[in-house]
Every structure is written in structure tokens, then in C-alpha cells.
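So the chains spell out like this:
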Amino acid sequence: MSDMTVSAEAVGEVRPVELSADVLDEQLIGQLVDRARASGLQLTGEGGLLQQLTKRVLESALEGEITDHLGYEKHDPAGAGSGNSRNGVRSKTVLTDVGPVEITVPRDRDGSFEPQIVKKRQRRLTGVDEMVLSLSARGLTHGDISAHLAEVYGASVSKQTISTITDTVMDGMAEWQNRPLDSVYPVIFIDCVHVKVRDGQVANRPIYVAFAVTVDGTRDILGLWAGDGGEGAKYWLQVLTEIKNRGVEDVCMVVCDGLKGLPDSISAVWPQAVTQTCVVHLIRASFRYAGRQDWDKISRALKPVYTVPTAKAAEDRFLDFQEEWGAKYPAIVRLWENAWAEFVPFLQFDTEIRRVVCTTNAIESVNARIRKAVRARGHFPNEAAALKCVYLAVMSLDPTGQGRKRWTMRWKPALQAFDIAFDGRLSVGRR
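These remarks concern the structure in this document. What you see is a predicted model; the values in this text were computed from it and never measured.

## Comments concerning the overall build of the chain
Okay, step 1: Broken down by element type, the chain carries 17 helices and seven strands.
Okay, step 2: Across the 431 residues that make up the chain, the buried fraction comes to 46%.
Okay, step 3: Long-range pairs, those at least 24 residues apart, make up 65% of the contacts in the chain between residues at least 6 apart in sequence.
Okay, step 4: As displayed, the chain offers around 22,500 Å² of accessible surface, 51% of which is attributable to carbon and sulfur atoms.

## As for the side chain of R425
Okay, step 1: Its location among the elements puts R425 in the segment after α17 (402-421).
Okay, step 2: For R425, a relative accessible area of 17% puts it in the buried group.
Okay, step 3: Of note is the side chain of R425, whose polar atom sits 3.3 Å from the backbone oxygen of V251.
Okay, step 4: In this structure R425 touches V184, D250, V251, C252, Q272 and A273, once residues within four positions along its chain are discounted.

## Observations regarding the packing of helix α10 (residues 279-287) against helix α11 (residues 295-307)
Okay, step 1: One can describe the packing of α10 onto α11 by two numbers: an axis separation of 11 Å at closest approach and a directional angle of 145°. With respect to the hand of their crossing, α10 and α11 are arranged in right-handed fashion. Within the contact between the two elements, α10 uses V279, I283, S286 and F287 and α11 uses W295, I298, S299, L302 and Y306.
Okay, step 2: Partitioning the contact of α10 with α11 into residue classes produces seven nonpolar, two polar and no charged.

## Observations concerning the pairing of strand β5 (residues 219-226)
Within a regular strand, the side chains alternate between the two sheet faces.
Okay, step 1: In terms of burial, β5 is a largely internal element, six of the eight residues being buried.
Okay, step 2: Across seven bridges, the pairing between strand β4 (residues 201-213) and β5 is antiparallel. Residue V209 lies in a different strand from β5, and its bridge partner there is L224.
Okay, step 3: The hairpin turn running from β4 into β5, its antiparallel successor, is five residues long, and G217 in that turn takes a positive phi close to 90°.

## Structural notes on the packing of aromatic side chains
Two descriptors summarise a pair of aromatic rings, namely the distance from one centre to the other and the angle between the planes of the rings.
Okay, step 1: Scanning all chains against the criterion turns up 14 aromatic pairs.
Okay, step 2: An angle of 20° between the planes, with centres 6.0 Å apart, marks the rings of W325 and Y329 as stacked. The same class applies to W325 and to Y329, which are both buried.
Okay, step 3: Summarising the aromatic geometry, the rings of F343 and F346 are spaced 5.8 Å apart at their centres and angled 65° between planes, so their arrangement reads as edge-to-face.
Okay, step 4: An aromatic cluster is built from F318, F321, W336, W340, F343 and F346, whose rings are joined through pairwise contacts.

Conventions we followed
- Residues numbered from 1 in each chain as written.
- Predicted model: local features only at pLDDT ≥ 70, side-chain atom pairs only at ≥ 80, totals over all residues.
- Heavy atoms only, no water.
- Helix = DSSP H or I, 4+ residues; strand = E, 2+ residues; numbered from the N terminus.
- Buried < 20%, exposed > 50% of the residue type's maximum accessible area, 1.4 Å probe, protein only.
- Contact = heavy atoms within 4.5 Å.
- Areas by Shrake-Rupley, 256 points an atom, 1.4 Å probe, with all protein chains shown as cover.
- Polar contact = N/O pair within 3.5 Å; in protein donor to acceptor, adjacent residues only side chain to side chain.
- Axes fitted to C-alpha atoms, helices over the stretch in contact; angles between N-to-C directions.
- Left-handed = near helix turned anticlockwise from the far one by under 90°.
- Nonpolar A, V, L, I, M, F, W, Y, C, P; charged D, E, K, R; others polar.
- Pairing = 2+ DSSP bridges.
- Phe/Tyr/Trp six-rings, centres within 6.5 Å; stacked < 30°, edge-to-face > 60°.

Below you can see the structure in the form of C-alpha cells.
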């Protein structure tokens, strides 16, 4: 038996945003609760007051729907000879926010009645679907979600049903992934996270993430892409080309890690874009060549290199670092020399720009949420399952919107500096 969800319009009819005082009688509710307690009836749980009220409300709404459909009230003589009439009821159990509720659904003789509050073949109300999607976005496996619903609501929901619920997001994901984008972005951060996918055998697969800041200072995740093997500049070229084909004509800066060949891929798509290597990635890469006992010393020695006011001063500080550590760790010196052209661009800009573009911290918070969601899964049976999990994690970011407000305020000074530094290129995106 297939599952469906209640439409937004139907939910709006059943669950208004605010009930007026004459409809929501506080005294009547108090009397109802007191009588339930006096008779030993629980408020929640199986057979409790909330379940019984839910049953009555749903059945009353369904009765109103069939009355509207037939055009006359129940037992009204006006229905005689109308060509259609009531034909009893059928029972079904629906899963609601207060647990499973058994209801009776009215029928008509010619089978033309299509209920909207609880549709035909529907076994769950919308709130349950939202709950499953929320739990899945937070990294719970299908088995964990099934056990949670059984423990808290006493509802038996199979792992297959939960998979069916989460599969409903795939259509929305395809539409989101192909939506048109802004013509200009001040900065795009690109990075990838690795997930384990079973393709014959379990192997790491990269999920490419592109995260942009709009000309209004809001953040926008442009898309998610599953690649093969390790992270590669060639695949990034395909990703960036797709982003351009979706309407992005210009990008002022692209912030990335130190992946070899990536600056060439960026310049091939947006020739005017400034490629900025993440300073944090450079420091982490430096630690790979050094003994752990020297990490703090190396970090302190490198700090003057990326905090000086000019590129020339950075060169002087790097020479000091080379004199101190070059003999012991020549590989670190070579690493910074190879990345120098993509490391120094941010030094020519205002401090407000430097503060927000010298690292990929903006996208790291997104990656952290993704890693938290995928870690509980261990590995995924296929690429589609991995993308679905990552998409749910991304869509659950900042549910209250408070993070978005703080982000926008933090970016306002930087965007003013961008306007000056990039000579009006952002104004195209504001038209």
C-alpha cells in the first residue's frame, strides 16, 4: 500500500495558525481535562485523551468533506434520488503526532468521494513525515528512527516506510540542484567531504560542496555533487562549469584548499576571479611534514606571514621562517612556495575582506554538519543514498533563521569593501 502526505492546503484547514477565543473555550478545555483525569483517562499515550480528540476531529472533518461532496447533510431527505449517497464507512489507522489513531472514513456509492484531510491510501499525517526527515537529517539511521517512533509514540513504522518517506526529498533535491543562480557572487567557497559508499566494496567517495555569499550578504549552498575516487581538479572543472551554466557569469573570489590544478580550473571558468588558497589548509598541510612536538612552534612562526599588511612584508616574514625551519623541514618551505601565488591575493585587500576570505571556515561549519550526519551511517549502499543524507543535513541548517541574520550582519562591512575593491562588479547582481 503506497503512502502519501497531506497537502499544505489541507493542513491549513485542519490546523489553523491561531484560534479565536470564542472557538477555543478555555473553560470547556479545562472541564474536559478534569473529567478525563477523574475517570482515570491518560492525556497522552495509547487510548489517551489526545488520541481520542484527534480521532473525533479527523472524523468530523471527513464527515464535513463528504457532506460538501454530496451536497446534503446526513439523513437529509434531499439526498433521495440525487444519484449518489453515503455508503457506510471503512476503518483505517493513521500515524499522527500523538501516535497511531484508528478512524472511520465515510464512503459514497459511486466511489467519487476523494477525501483531502486524510487522503486515500494515506497512512501518515504530515507532521510524522517532517519528524522522520528531521531525525534523518541529524544522522539517525532508519533503524534508529523506527525504534524512536516505537518508543515515544508506540507506533510501528518499518525501515522500508522510513526509506519511502526520505525518498520523497529526491524530487525536491533535483529541482534544487538545477535551480537558476545569481549572475554575480562576491565569493564562492569550494571544498569536499568524503563518505563511504559500498560499490562492490566500501570505498571513500568525495561529495563536492559549493557555498556562496550573495551580493546581499546571505549564504547560499549552490549544489552537491558526488565524484569518483579522490578529490580532483578535473572534476571541479565540471562542477564549476555547471554552476556557470546555471547563470553565474562572474565571481570576484573563489576560496579553496591547495589542490593541485584547481586554480587553472577556476580561471578557465571565470577568468576574472581571484583564487585564494585557504590559510588554514596550508597550515594543516605544513603539519603533515613536521613532528608533532614542533607544531606549535611552526604555527607561531607562520603567523607573521599571513597577518602582515602587504604582500612584500609577507615575503620578508617567509624568508625569516625559511631561515629558521628550512633546514629541518624543507618540504614545508616548498609547500608554501608552490602555493604562494594563490596565498597572497587576500593581502592586497581591506582587512574586512581578509577576515572572511583567508580561510574556508565559512564552509567548514557546513561540512561539520554533513560529517555528523554521515558518521552515524557508517557507509551507504549507493551514491544516491549518500547524496540524500547530505542533502537532508544541508537543508536542516539554521532552522530558526537566527544564524542567517548573524551571518548577514557579519558580512555587511566586507561587502562594502568588495564593492570598492572590485570596482562595481557586484552592482550587476543587484539589478
